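Examination of the molecular architecture
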Amino acid sequence: SRRVNLCIGYSSILSINIRTANSRLRGNTQALFVLTKFNGSRFEFVFTNLVRNSPRLFTTVQAVFRAYDTTKLFRDL
């Protein structure tokens, strides 16, 4: 089977949300939804955590993106 390496740049991210998702393997679990935009098309990526009831990884991703997004103006100067 062929694998594809995917990279999502910070500037293409529109929003990051943590919501409950229904997984065939895990049932109801928390998932990280990443909405992106590239060349006029929108893409949504859904990531689930391997560790149940541990949203720490997802909240860290949200915090890092929020820090990046709020300092965009200062980097553009």
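Rules of the game
Counting starts from 1 at the beginning of each chain's written sequence and moves along it residue by residue. A pLDDT threshold of at least 70 governs which residues receive local features in this predicted model, and a stricter bar of 80 or more applies before side-chain atom pairs are shown or counted, although totals over entire chains, interfaces and linings include all residues. Note that the side-chain values use all heavy atoms of the structure and ignore hydrogens as well as water. Along the chain, pLDDT gives the predictor's confidence residue by residue, from 0 to 100. Each helix is a run of DSSP H or I of at least 4 residues and each strand a run of E of at least 2, with the numbering of both proceeding from the N terminus. Aromatic rings from Phe, Tyr and Trp, taking only the six-membered ring of Trp, are treated as a pair when their centres fall within 6.5 Å; an angle between ring planes under 30 degrees marks them as stacked, one over 60 as edge-to-face, and anything in between as tilted. Consider the ring centre and the ring normal. A charge sits over the ring if Lys NZ or Arg CZ is within 6 Å of that centre and within 35 degrees of that normal. A 1.4 Å probe that fits into a set of points on a 1 Å grid over the protein atoms alone but cannot get out defines a cavity; an open set with protein on both sides within 12 Å along at least five of seven lines defines a pocket, and lining residues are those with an atom within 4 Å of a point. Grid points are joined across faces, edges and corners, and a volume is the space filled by probe spheres set on the points. In this count, Pro and Cys sit with the nonpolar residues alongside Ala, Val, Leu, Ile, Met, Phe, Trp and Tyr, while Asp, Glu, Lys and Arg are called charged and the others, Gly among them, polar.

What to know about the confidence of the model for the protein
Averaged over every residue, the pLDDT of the protein is 86; residues scoring 70 or more account for 99%. Confidence scores differ between elements of the protein, with helix α2 (residues 72-76) showing the lowest mean pLDDT of 78 and strand β3 (residues 41-48) the highest of 92.

Quick notes on the packing of aromatic side chains
The final tally for this structure, using the stated rule, is 2 aromatic pairs. Site record: aromatic cluster; members linked through ring pairs are Tyr10, Phe65 and Tyr68. The aromatic ring of Phe33 is capped on one face by Arg19, whose charged end is 3.8 Å from the ring centroid.

Some thoughts on the layout of surface pockets
Over the atoms rolls a probe the size of a water molecule, and in doing so it shows where empty space is left. Its volume calculated, the largest pocket comes out at about 180 Å³. Every residue along the wall of the largest pocket is listed here: Ile8, Tyr10, Ile13, Ile16, Leu32, Val34, Phe47, Val61, Val64 and Phe65. Contributions of two or more residues to the lining of the largest pocket are made by β1 (13-23), β2 (27-38) and α1 (56-70). It is α1 that contributes the most residues to the lining of the largest pocket, 3 residues altogether. Here the lining of the largest pocket is composed, by residue class, of 10 nonpolar, no polar and no charged.

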